[in-house]
Amino acid sequence: MKKLTSYLLCLCFILSVFCICPEAEAETLTVYHGDGSQAVICAESLSEYTNNGWYTAPVVTIYTIDDVSSVVYKSDAQIHLSNGWFDAPVVKIYKPNGETSIVYKSDADIHLSEGWYMSPADFPKKVKAVALTFDDGPSRYTPQILDCLQRYNAKATFFVVGNCASTYPDTLLRAYNMGMEIGNHTLNHPKLTSISSSSVSYQLNTTADIIENITGARPYLVRPPYGSYNSNVLKTANAPFILWSIDTLDWKTRNAQKTVNSVLSNVKDGDIILMHDLYGSTAEATEIIVPALIERGFDLVTVSELAERKGTDLSVPTAHSRFK
Ligand SMILES: [Zn+2]
């Protein structure tokens with residue numbers, strides 16, 4: 001008897017929720033669920049369904065690279081898919097040569113067996129890497145350097161001067177969109193140890209604002225002009241200062257071959273190489289240096305990636321000249 005009562009209660013519940021239409025001629029419609037199922041219901045109970053994850057047109061679940069999911073109408077899916085959403089869960093994967101790719105999570109294992117990694121931190125430690133850095137731009141020579149980096153799928157870091165970023169916003173945006181790292185090299189290149197703390201803040205914040213307005217991302221690496229800093233400057237900036245271990249003196253020699261030699265005769269794993277994207281000779285040298293380093297087994301990566309690979313924490317405001 002008890003069993004029968006609970007059965008009847010259950011039936012009542014089902015009838016009340018899923019509504020058997022009282023009259024044969026009652027209007028029905030089809031509703032769709034995010035899990036792919038569909039049901040025919042009577043029109044008057046529509047709100048019960050729409051409040052419980054059902055929709056009046058076919059829907060699909062879409063995903064972002066950050067694991068956010070959303071249910072959208074199938075008819076709108078194409079718009080979302082062309083705006084950075086995916087039709088199944090995805091992950092970003094990495095190769096030691098700087099290549100990245102976004103793949104379906106369900107296929108990740110296949111890629112991991114083909115030389116891809118879930119994170120740069122997983123790269124085999126024997127892989128040598130260096131960070132090419134270019135200061136004082138962007139300039140009219142920067143696109144030639146970007147073309148070269150693009151050709152070899154290499155990455156570099158550009159420490160830009162705020163005023164130059166304002167002059168060449170398209171070049172800066174291109175560099176950022178190519179996966180280059182953008183760092184802060186002040187607004188107009190003063191020696192930070194010779195100006196007040198408030199001026200240091202102004203120089204760095206204004207430049208960070210300019211870069212963020214152009215790329216959408218706020219830079220956190222700082223390269224102090226002339227490599228000049230002290231503990232006060234570091235404290236005021238409250239950011240990692242990136243110096244260098246190979247100074248090509250490209251600004252002084254303006255000679256492509258000398259710039260090439262200064263890199264190739266000194267380079268070792270973990271180096272940060274200083275150049276300036278202000279000169280035609282540096283662009284020319286880059287076209288020789290990039291393939292030569294790759295040929296010698298170096299990965300050309302951003303400063304942040306080099307730090308990550310070498311296990312250096314960049315969230316602390318200290319100065320680095322190379323990563324070991
Ligand atoms: Zn500089």
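Not measured: the values here are computed from a predicted model.

About the thresholds
Residues numbered from 1 in each chain as written. Predicted model: local features only at pLDDT ≥ 70, side-chain atom pairs only at ≥ 80, totals over all residues. Pairing = 2+ DSSP bridges. Helix = DSSP H or I, 4+ residues; strand = E, 2+ residues; numbered from the N terminus. Buried ≥ 20, exposed ≤ 12 C-beta atoms within 10 Å, placed from the backbone. Right-handed = clockwise from strand over helix to strand, strands pointing away. Domains from an automatic or database assignment. Contact = placed C-beta atoms within 7 Å. Core = buried A, V, L, I, M, F, W, Y, C linked by C-beta atoms within 7 Å. Axes fitted to C-alpha atoms, helices over the stretch in contact; angles between N-to-C directions. Left-handed = near helix turned anticlockwise from the far one by under 90°. Nonpolar A, V, L, I, M, F, W, Y, C, P; charged D, E, K, R; others polar. Expected span 1.5 Å × (residues − 1). Arc of directions from axis to C-beta.

Here's the deal with the sheet that holds strand E1 (residues 28-33)
Argument step 1. Reading across the sheet, the three strands line up as E2-E1-E3 and stay open at both edges, with antiparallel pairing between neighbours. Of all the strands in the sheet, the pair left with one neighbour each is strand E2 (38-42) and strand E3 (54-55).
Argument step 2. Sheet topology note: the E1/E2 ladder contains five bridges and is antiparallel. In the sheet register, Thr28 faces E2, and the bridge partner there is Cys42.

Things to note about the pairing of strand E8 (residues 128-135)
Argument step 1. Of all eight residues in E8, seven are buried; the element is thus mostly enclosed.
Argument step 2. Note: E8 against strand E14 (residues 298-300), three bridges, orientation parallel. Across the sheet, Lys128 pairs through a bridge with Phe298, a residue of E14.
Argument step 3. Sheet analysis places E8 next to strand E13 (residues 272-276), joined by five bridges and oriented parallel. Across the sheet, the residue bridging to Thr133 is Leu274, located in E13.
Argument step 4. Pairing of E8 with strand E9 (residues 157-160), which is carried by three bridges, proceeds in the parallel orientation. Note on E9: the bridge partner recorded for Thr133 is Thr157.
Argument step 5. Handedness of the β-α-β unit built from E8, helix H5 (residues 142-151) and E9 comes out right-handed.

Quick notes on the domain arrangement of the chain
It is common to report an interface's size as the accessible area lost on association of the parts.
Argument step 1. Structurally, the chain comprises domain 1 (21-81), domain 2 (90-120) and domain 3 (125-320).
Argument step 2. A C-alpha centroid distance of 34 Å is found between domain 1 and domain 2.

A short note on the environment of Asp136
Argument step 1. Within the fold, Asp136 resides in the loop between E8 and H5.
Argument step 2. Residue class for Asp136 comes out buried when judged on the 20 C-beta atoms lying within 10 Å of it.
Argument step 3. As a C-alpha pair, Asp136 and Ala108 span 28 residues in sequence and 40 Å in three-dimensional space.
Argument step 4. When sequence neighbours within four positions are dropped, the list of residues in contact with Asp136 reads Val161, His185, His276 and Leu278.

Overview of the nonpolar core
Argument step 1. Ranked by size, the top nonpolar core spans 57 residues in total, and within it Val160, Ile273 and Leu300 carry the most contacts.
Argument step 2. Not counting chain neighbours up to four residues away, the residues in contact with Ile273 comprise Val130, Ala131, Leu132, Thr133, Trp244, Ile246, Thr248 and Val263.

Observations regarding the packing of helix H11 (residues 256-264) against helix H12 (residues 280-295)
Argument step 1. With their axes 8 Å apart at the nearest point, H11 and H12 run at an angle of 35° to one another. Crossing handedness for the pair H11 and H12: right-handed. Between H11, through Ala256, Thr259, Val260, Val263 and Leu264, and H12, the contact on the second element is made entirely by Ser281, Thr282, Glu284, Ala285, Ile288, Ile289 and Ala292.
Argument step 2. When its residues are assigned to classes, the contact of H11 with H12 shows eight nonpolar, three polar and one charged.

Section: helix H8 (residues 197-215)
Argument step 1. The first and last C-alpha atoms of H8 sit 27 Å apart over 19 residues, in line with the 27 Å expected at 1.5 Å per residue.
Argument step 2. Looking at H8, one finds that the buried residues are Val200, Gln203, Leu204, Thr207, Ala208, Ile210 and Ile211. Taken down its axis, H8 places every buried residue within 160° of arc, on the same side. Among the exposed residues of H8, those oriented more than 90 degrees off its buried face are Ser198 and Asn213.
Argument step 3. Taken together, the buried residues of H8 touch E9, helix H6 (162-167), strand E10 (181-184) and helix H9 (231-237).
Argument step 4. Remark: Gly216 follows H8 within two positions and exhibits a positive phi of approximately 90°.

Overview of helix H7 (residues 169-177)
Argument step 1. For H7, every residue scored as buried is listed here: Thr171, Leu172 and Ala175. One face of H7 carries all of its buried residues, which in axial projection span an arc of 100°. Along H7, the residues that are exposed and aim more than 90 degrees away from the buried face are Asp170 and Asn177.
Argument step 2. Positive phi appears at Gly179, one or two residues downstream of H7, with a value of about 90°.

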